[in-house]
Amino acid sequence: MALDQYREEDEEEEGMSFLDHLEQLRWHLLRSVAAVLVFTIAAFLAKSIVFGKVILGPSKIDFVTYRLLCKVSDYLGIPALCIDTLPFTIQSRQMTGQFSMHITSSLVVGLVVAFPYLFWEIWRFISPGLYSKERNAARGAVFFVSLLFFMGAAFGYFILSPLSINFLANYQLDPSILNEFDITSYVTTVVMLVLASALMFQLPVVIYFLSMSGLVSAATLRSYRRHSVVVILVVSAIITPPDVISQIIIAMPIMVLYETGIMIAKRLEKKRAEQELKENQQ
């Protein structure tokens, strides 16, 4: 029954013209944009929660990460771990600063919340063009891509952002220089860290599809392990503030994800070899 359904879908795809594909893509994009706009409007209306507690959360000393670090500091007896002061203020130096950042932050929240549906729409457009075997191999793609996206966003928001903000807030060339950050600079930094972490956490998915298509192998990934460390550190330095701690913090999970990608590629090669052996025996 499932095989007949795949055949019917394949036949429908083959019978579609280029304009039909464009029309289908247009509707997928319209639904995706509509979903993002719905969540963006909801975030815009919930200003006190989205902006006051979520976006500005890492700038306040009662943020969950700072409180946990202070608890760990008390438990281990290491006072340096406790972040109990953030010596900076946030200002708006442009007439449209607060309004534009309200729109920007609402749009980012809408994009993050709608991401699973957004990717699902993209996948619905791409998957009919795959063979049934490829479709089965990529089963659960929406779930795993969304899971890694939210894990990366959470890592960027709860770990990378507060530690980076603490470093920048406490960095001074001279005690006479006060840290008064513009709201645009603050929101841009937090958004960049969160979205960059979310995208970098997609590394295992990228390796999975490259391995499935035969473009990379586990042996190739292992041979370029040292090169990957350099690339990861360079990318980490680009997307994080200029402090070594933040760069190492984001580089460590990416290196773990790279090693996970090697294991995924190795497992796919093993399955491919077993499948080829069965076909040869038949």
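Conventions used here
Residues numbered from 1 in each chain as written. Predicted model: local features only at pLDDT ≥ 70, side-chain atom pairs only at ≥ 80, totals over all residues. Heavy atoms only, no water. Helix = DSSP H or I, 4+ residues; strand = E, 2+ residues; numbered from the N terminus. Buried < 20%, exposed > 50% of the residue type's maximum accessible area, 1.4 Å probe, protein only. Contact = heavy atoms within 4.5 Å. Areas by Shrake-Rupley, 256 points an atom, 1.4 Å probe, with all protein chains shown as cover. Salt bridge = Lys/Arg side-chain N within 4 Å of Asp/Glu carboxyl O. Axes fitted to C-alpha atoms, helices over the stretch in contact; angles between N-to-C directions. Left-handed = near helix turned anticlockwise from the far one by under 90°. Nonpolar A, V, L, I, M, F, W, Y, C, P; charged D, E, K, R; others polar. Expected span 1.5 Å × (residues − 1). Patch = residues over 30% accessible without salt bridge, like charges linked within 9 Å, V, L, I, M, F, W, Y side chains within 5 Å. UniProt positions renumbered as here; feature names shortened; annotations may be inferred. Phe/Tyr/Trp six-rings, centres within 6.5 Å; stacked < 30°, edge-to-face > 60°. pLDDT = per-residue confidence, 0-100.

**Description of the overall build of the chain**
No. 1: The helix and strand tally for the chain stands at 13 helices and 2 strands.
No. 2: Buried positions account for 36% of the 282 residues belonging to the chain.
No. 3: At a minimum sequence separation of 6, the contacts of the chain that also span at least 24 residues come to 79%.
No. 4: If you sum the accessible surface of the chain, you get close to 17400 Å²; carbon and sulfur atoms cover 68% of it.

**Concerning the pattern of salt bridges**
No. 1: In this structure the tally under the stated criterion is 4 salt bridges.
No. 2: We note a salt bridge from E121 to R124, for which the minimum N-O separation is 3.6 Å. Of the two residues, E121 and R124 are both situated in helix α6 (residues 115-126); the distance of 3 residues between them amounts to about one turn of the helix.
No. 3: Judged by its relative accessible area of 35%, R124 falls in the partly exposed class.
No. 4: For E259, the salt bridge goes to R225, with nearest N and O atoms at 2.7 Å. Taken together, the residues E259 in helix α13 (residues 244-281) and R225 in helix α12 (residues 225-239) connect sequence positions 34 residues apart.
No. 5: Taking the relative accessible area as the measure of exposure, E259 reaches 31% and is therefore partly exposed.

**Considerations on the packing of α12 against α13**
No. 1: It is at 9 Å that the axes of α12 and α13 come closest, and there the two elements cross at 140°. Judged by the sense of rotation from one axis to the other, the crossing of α12 with α13 is right-handed. On the side of α12, the interface is formed by R225, S228, V229, I232, L233, S236, A237 and I239, while α13 contributes Q247, I250, A251, I254, M255, Y258, E259 and I262.
No. 2: When grouped by side-chain class, the residues that make up the contact of α12 with α13 number 11 nonpolar, 3 polar and 2 charged.

**A closer look at α12**
No. 1: Spanning 15 residues, α12 covers 21 Å between terminal C-alpha atoms, matching the ideal 21 Å at 1.5 Å per step.
No. 2: Looking at the buried positions of α12, the neighbouring elements they touch are α9 (183-200) and α13.

**Quick look at a nonpolar patch on the surface**
No. 1: Together, V33, L37, I41, F44, L45, F99 and I103 line one region of the surface with nonpolar side chains, adding up to about 680 Å² of accessible area.
No. 2: Looking at the nonpolar patch, the elements that each hand over two or more residues are α2 (18-45) and α5 (97-113).
No. 3: Here the nonpolar patch takes 5 residues from α2, the largest share from any one element.
No. 4: Mapped onto the elements, F44 comes out in helix α2.

**Examining the UniProt feature "transmembrane region" (unreviewed entry) in the chain**
No. 1: Residues annotated by UniProt as "transmembrane region" (unreviewed entry) correspond here to residues 33-56, 102-120, 141-163 and 183-211.
No. 2: Helix makes up 95% of residues 102-120 and strand 0%, with an end-to-end C-alpha separation of 27 Å.

**Side note on the packing of aromatic side chains**
No. 1: The final tally for this structure, using the stated rule, is 15 aromatic pairs.
No. 2: Here F63 and Y157 contribute two aromatic rings whose centre-to-centre distance is 5.4 Å and whose plane-to-plane angle is 90°, an arrangement assigned as edge-to-face. Of the two residues, F63 sits in the loop between α3 (47-55) and α4 (64-76) while Y157 sits in helix α8 (residues 141-170), which places them 94 residues apart along the sequence. For the pair F63 and Y157, one class covers both residues: buried.
No. 3: Both rings, one in Y208 and one in F209, keep their centres 5.5 Å apart while their planes meet at 85°; by these two values the pair is edge-to-face.
No. 4: Y208 sits in the buried class, given a relative accessible area of 18%.

**Some points on the confidence of the model for the chain**
No. 1: In the predicted model, the chain carries a mean pLDDT of 84, and 89% of its residues have values of at least 70.
No. 2: Looking across the chain, the model is least confident in helix α1 (residues 2-15), with a mean pLDDT of 46, and most confident in α5, with 93.
No. 3: Segment residues 1-13 is flagged for pLDDT under 50; beyond a separation of four residues in sequence, or across chains, it makes 11 contacts in the model.

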